[in-house]
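Take a look at the letters that make up each chain.
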Amino acid sequence: MGKSNHFFVVKMADLGFAYPTSDFAKYMHFQFFGSRLRQYRTDSKGRGKRRLKKHSRVVLIALSVMTGIILVTVLQPILWPSGFGLSQKTFWDWLELLIIPLSLVIFSFFLQNRQKNQEDKQRELLRERERTQQQEQNRRDEEKAKEEVIQIYFDRISTLLINGELLSIASRERHEVTEEQLNQLNAAKAVIRARTLSVLRRFSDDGERKSSVVRFLIETEVISKIGVRLSHADLGEANLMFADLSGTVLNGANMSKADLTGADLSRADLSNADLRNANIGNSSLAGCLLFSTNLSNSILVGADLSSAQLSGAILSGSIVDLANFDNAVLKGTALINTDLSLSHVTLNQISQALLCNTILPKGMALDSNRDCEKFEVDFQKVEG
């Protein structure tokens, strides 16, 4: 049959089926598939998007149909010369019938894929917001727990001091104290020391609360009168500016990166302590025990080290401008990359020290690199 102005009728064998291909028919196709697409998008809001796998199947089916049309068009003259009544249909005729629905399928696929990506991004942003909120809540909970710990510590130590009248006992002369009271005092000192070391470990990354603990012990005279030792205490990064720690036993303590500016450490025992990168400027270390103390990269500007015992101490890269070393013992002290040109130190003191790349005071006839070979052998130990 021929082509009219409005319809092109195709007979499907003996079924008498007519398929319209006019502009009106295309319009009706568009309306049909458009309504289906809108319905699909509406339904998807209630049940969620279809998976990418399903869309892939749709595209695969469309490609398979197109491939089939191509094969039929190419092979029809050979395999079916009579054409089964379809000889007048060309590949482009078939493609014209399918172009609109295929376009809608492809458009639907990319639209849904884009919507899925946007929803995935929204879900990821929501998860990230929830993680941030959870982290903030965890931080607040941790801060609250730390505050509770330190308050409990303060309360228990205060109760122990008051109920046991420890300060009163410690203030008496030795002959005025009974053996029972002395045993009570010693037991209390052990308890306070154990609880203090424990709470300091609890605040290993909290320099502010470490400072609060030490200042509490100073203000309650637990250190000065009762004589509680802080050996091997963790005071790293603590702010102890102008703190009165005179006579305090701090041997083996970790005080790296601590701020001890203007602190009174006179007669304190800092043997084997870690004072790397600490700020000890303008502090008093007079008569301080610094045997084998690591003072690498510390700031000792204007510090008073008179009569201090620095045997075996390490001053590698330390800043000691205007430091006072009067009568200080520097036997075996490692002075590596240290500038002593502005320090108060004598030839006799420096001659007992170990020198490597040391800047000496003007006029001193010593080899500033005489001991570098020793440090090359045991340099890691010296650096600590």
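Above this text sits the structure in question.
Residues numbered from 1 in each chain as written. Predicted model: local features only at pLDDT ≥ 70, side-chain atom pairs only at ≥ 80, totals over all residues. Heavy atoms only, no water.

Draft legend 1. Region of interest: the state of the cysteines. Under the counting rule described, the total for this entry stands at one disulfide. With a sulfur-sulfur separation of 2.2 Å, C356 is cross-linked through a disulfide to C372. Around the S-S axis, the bridge from C356 to C372 shows a dihedral of about 105 degrees and counts as right-handed. Taken together, the positions of C356 in strand β3 (residues 354-356) and C372 in helix α9 (residues 372-377) put the pair 16 residues apart, joining distant regions of the chain. Residues C356 and C372 agree in their burial class; the two are buried. (Disulfide = S-S within 2.5 Å. Helix = DSSP H or I, 4+ residues; strand = E, 2+ residues; numbered from the N terminus. Buried < 20%, exposed > 50% of the residue type's maximum accessible area, 1.4 Å probe, protein only.)

Draft legend 2. Focus on the packing of helix α5 (residues 179-202) against helix α6 (residues 207-219). Two elements in contact, α5 and α6, have axes whose closest approach is 10 Å; the angle formed by their N-to-C orientations is 160 degrees. One way to sum up the angle between α5 and α6 is to call them roughly antiparallel. Seen along the crossing, α5 lies across α6 with a hand that is left-handed. Here I192, T196, V199 and L200 of α5 lie close against α6, whose contacting residues are K210, V213 and L217. Split into classes, the residues belonging to the contact of α5 with α6 amount to five nonpolar, one polar and one charged. (Axes fitted to C-alpha atoms, helices over the stretch in contact; angles between N-to-C directions. Parallel < 35°, antiparallel > 145°, perpendicular 65-115°, else oblique. Left-handed = near helix turned anticlockwise from the far one by under 90°. Contact = heavy atoms within 4.5 Å. Nonpolar A, V, L, I, M, F, W, Y, C, P; charged D, E, K, R; others polar.)

Draft legend 3. Region of interest: the sheet that holds β3. Pairing is parallel across the open sheet formed by three strands, whose spatial order is β1-β2-β3. A single partner strand is all that each edge strand has here, and the edge strands are β1 (314-316) and β3. Taking the axes of each pair of neighbouring strands and ignoring which way they run, one obtains an average angle of 5 degrees across the sheet. Of the pairings in the sheet, the one linking β1 to strand β2 (residues 334-336) comprises three bridges and is parallel in character. The residue of β2 that forms the bridge with S316 is I336. (Pairing = 2+ DSSP bridges.)

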